[in-house]
Amino acid sequence: MSEALLDVRDLRAGYRRSVVLQGVDLAVREGEVVALLGRNGVGKTTLVHSIMGLVRPSSGSIRFDGQELSGRTPDQIARRGLALVPQGRRIFSRLSVEENLKLAHRSRNGGHDLDSVYELLPRLHERRRHRGRQLSGGEQQMLAIGRALLANARLVLFDEPSEGLAPKAVDQIASVIAGLREQKLSALLVEQNLHVALKLADAVNVMTKGEIVYRATVDEFRSDPKAARAFLGVGQV
Amino acid sequence: MTFAAVGAALPGLLNEHLVSILNGLAVGMLLFTMAVGLSLIFGLMDVLNLAHGAIFLLGGYVAFQVIVGEGQSWLAGLAVAVGFGAVAGLALGGILRPIRHRGHLDQALLTLGLAFVLSDLATIFWGSDFQTIPSPVFLQRSVEVLGQFYPAYRLAVMGVGFALAVVVYLVVERTQVGAVLRAAVEDRAMVSALGINVGRVMLAVLALGTALASFGGVIGAPILSLSPGVDAEVLILALIVIVIGGLGSIPGALVGAIVIGQVQSLGTALVPQVAPFALFGAMVIVLAVRPEGIFGSR
Ligand SMILES: Nc1ncnc2c1ncn2[C@@H]1O[C@H](COP(=O)(O)OP(=O)(O)OP(=O)(O)O)[C@@H](O)[C@H]1O
Ligand SMILES: [Mg+2]
């Protein structure tokens, strides 16, 4: 088996008063989109933040392209080729759309630049002089994705990109990510919207209380709806 | 009073108190050099640098040593002092680093302790007498302003202070470096997740802020004179300036500095009895109407 692009092993992490991740194993291979499902508060964001260096793991390993990330700072990790589309979008509200994008730009031969991102997300071009806070939720999410693209990362961590968006905006965001997937995007996709997750991902991981308790390919998952109900408490898929 | 009456009274006020108004502007610009750094540092790092006044005073002393002590040029004194201020900021960054996860109080206490140490050092080296740097020769004259003579040096201080405000504003609002700064004020963690070393940005802002304070100490020395106590005085005034103007806002620091300069100078000339309270009166009024300061957000 070829080594995964991202390989998380026995990861433990948490905050001052609470241990959240209690031994997480998870892998994302090159060109693969892996969904991470789980109810509120099980530790999905903590995992994503640990990978990005925003939370310091207490033990375990996070290997990216064969190199250990655990213990490095977020900026070092970003420069190694990871990008984050964070929960809540975290657009810089006082910066213009274009300033938000330029801040994220790390040029790479054949990679994205401002023009190519505007072409892919024309709405951002129309809005380029607006401040972050003047955008709708869907536009902010586009901007968060645009930022991640301009980082020219090898792996993108999406943390609930459809959260809090109107159904129409959810569809738009999903089709943007679907388009990226066509171009061999490697990503970890945290989602609570099962429909979106299954549409975009190759494999599914389900997390409960700080552990991955179920993993399967999307096809296996679809043919086993009991799994979905058992782990997520959701209805028919 | 009608508008016409106010209009008629204004020229009288201007004539009678022109010197006070101009002095207030000069003092305001000195306060701006202090306040802008304090405000930027607080906005970015959440650290209230109570050593800022000591760096202002030490900057003045360093230039005094170079210009008066060693007989070097004014420009050399200014350059050495600004360099000293920047190094002091970098050192402060190093000292603050181990306690960066502690609360505001711990950090403020550390900078306060540092202020005492620096202030004592200044007294050991330069004594407690008033020391002054003579203004540069080409500015040692008076210029006629609206029919009255006024020292050219003070006008130059106003000009330099205002130019500084414009430059700092443009850099922060219009450049890529400024965008990094504004973004980091809002969400440091997210900026670092974009691959930017925020620690380095903070060091740069600290160094810039303290270099400006030191610069202020140098250009202020011919006006204020240097002596122990000046550090605390300018620090308190600058703190009032940023509270009035709005923490983290550059236009706020400028307007706040002008207001406090006038309260200090024109206020004393007009109503000497209440001048000691006018400062705090101004602060109370502004905060009652706009608790976030004139240009503050949220
Ligand atoms: N900064 C923090 N400090 C302390 N505890 C935190 C912090 N962030 C999250 N937690 C706690 O850690 C646990 C896991 O939170 P986390 O945000 O990782 O969950 P999540 O799966 O992403 O949830 P959601 O679906 O609501 O985003 C929760 O109990 C939460 O209260
Ligand atoms: Mg979350």
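Everything that follows concerns the structure shown earlier in this document.
Our subject in this report is the structure included herewith.

About the criteria used
- Residues numbered from 1 in each chain as written.
- Chains lettered and ligands numbered in written order.
- Predicted model: local features only at pLDDT ≥ 70, side-chain atom pairs only at ≥ 80, totals over all residues.
- Heavy atoms only, no water.
- Patch = residues over 30% accessible without salt bridge, like charges linked within 9 Å, V, L, I, M, F, W, Y side chains within 5 Å.
- Areas by Shrake-Rupley, 256 points an atom, 1.4 Å probe, with all protein chains shown as cover.
- Salt bridge = Lys/Arg side-chain N within 4 Å of Asp/Glu carboxyl O.
- Helix = DSSP H or I, 4+ residues; strand = E, 2+ residues; numbered from the N terminus.
- Core = buried A, V, L, I, M, F, W, Y, C linked by side-chain atoms within 4.5 Å.
- Buried < 20%, exposed > 50% of the residue type's maximum accessible area, 1.4 Å probe, protein only.
- Contact = heavy atoms within 4.5 Å.
- Near = heavy atom within 4 Å.
- Polar contact = N/O pair within 3.5 Å; in protein donor to acceptor, adjacent residues only side chain to side chain.
- Nonpolar A, V, L, I, M, F, W, Y, C, P; charged D, E, K, R; others polar.
- Expected span 1.5 Å × (residues − 1).
- Donors = N, O, S within 2.8 Å, 3.2 Å for Na, K, Ca; no water.

### Description of a nonpolar patch on the surface
Then, number 1: Together, B:L13, B:L270, B:V271, B:V274 and B:F277 make up a nonpolar patch on the protein surface, roughly 420 Å² of accessible area in all.
Then, number 2: With respect to the secondary-structure elements, B:V274 resides in the loop between α10 (250–270) and α11 (275–289).

### Here's the deal with the nonpolar core
Then, number 1: Judged by nonpolar contacts, the single largest core of 126 residues is most densely connected at A:L26, A:L47, A:I51, A:L82, A:L103, A:L157 and A:L188.
Then, number 2: The greatest single-element share of this core, amounting to 15 residues, is contributed by helix α1 (residues 3–45) of chain B.
Then, number 3: Sequence-distant contacts of A:I51, defined by excluding residues within four places in its chain, comprise A:L6, A:V8, A:I62, A:L69, A:I77, A:L82, A:L157 and A:L188.

### Concerning the site of ligand 1
Residues and elements named next belong to chain A.
Then, number 1: Within the structure, ligand 1 sits among 13 residues, and G41, K44, T45, T46 and Q87 are positioned closest to it.
Then, number 2: In this structure, an oxygen atom belonging to ligand 1 sits 2.8 Å away from a main-chain N or O atom of G41.
Then, number 3: In this structure, K44 approaches ligand 1 through a side-chain N or O atom, which is 2.7 Å from an oxygen atom.
Then, number 4: When ligand 1 sits alone it has 630 Å² of accessible area, and the protein chains cover 59% of it.
Then, number 5: Sort the elements by how many residues they give to the shell around ligand 1 and helix α1 (residues 44–52) lands first, with three residues.
Then, number 6: Looking at the shell around ligand 1 residue by residue, the class counts come to three nonpolar, seven polar and three charged.

### Quick word on helix α5 (residues 152–174) of chain B
Then, number 1: Taking 1.5 Å of rise per residue, 23 residues should cover 33 Å, and α5(B) covers 32 Å from first to last C-alpha, within 8% of that figure.
Then, number 2: Those residues of α5(B) that sit buried are B:A152, B:Y153, B:V157, B:M158, B:G161, B:L164, B:A165, B:V168 and B:V172.

### Here's the deal with the side chain of A:S61
Then, number 1: Within the secondary structure layout, A:S61 lies in strand β4 (residues 59–64).
Then, number 2: Ignoring any residue separated from it by four or fewer positions in sequence, one finds A:S61 in contact with A:D7, A:V8, A:R9, A:L11 and A:E68.

### So, the coordination of the magnesium ion (ligand 2)
Residue and element names in this part refer to chain A.
Then, number 1: Distances from the magnesium ion (ligand 2) to its protein donors, T45 (OG1) and Q87 (OE1), fall within 1.9 to 2.1 Å. With T45 in helix α1 and Q87 in the loop between β6 (82–85) and α3 (97–104), this pair connects stretches of sequence that are 42 residues apart.
Then, number 2: A relative accessible area of 21% means that T45 is categorised as partly exposed.
Then, number 3: Owing to a relative accessible area of 26%, Q87 belongs among the partly exposed residues under this scheme.

### Some points on the interface of chain B and chain A
Then, number 1: Counting residues at the interface gives 18 residues for chain B, matched by 21 residues for chain A.
Then, number 2: For the pair chain B and chain A, the number of links is two salt bridges.
Then, number 3: Put simply, chain B and chain A have seven residue pairs in polar contact (both at pLDDT 80 or more) between them.
Then, number 4: Broken down by secondary-structure element, the contributors of at least two residues to the side of chain B that touches chain A are α6 (176–186) and α7 (188–193) of chain B.
Then, number 5: Tallying contributions element by element places α6(B) first for the side of chain B that touches chain A, with six residues.
Then, number 6: Split into classes, the residues belonging to the side of chain B that touches chain A amount to nine nonpolar, five polar and four charged.

### Notes on the pattern of salt bridges
Residue and element names in this part refer to chain A.
Then, number 1: This model, assessed by the stated rule, comprises 17 salt bridges over all chains.
Then, number 2: Here R12 makes a salt bridge to D10, at a shortest N to O gap of 3.3 Å.
Then, number 3: Overall, the relative accessible area of 38% leaves D10 in the partly exposed class.
Then, number 4: Between R79 and D75 there is a salt bridge; the shortest N-O distance is 2.3 Å. Taken as a pair, R79 and D75 lie in helix α2 (residues 74–79) at a separation of four residues, close to a single helical turn.
Then, number 5: Each of R123, E126, R127 and E139 takes part in one network of salt bridges that share partners.

Everything listed is a geometric property; what it means functionally is a separate question.
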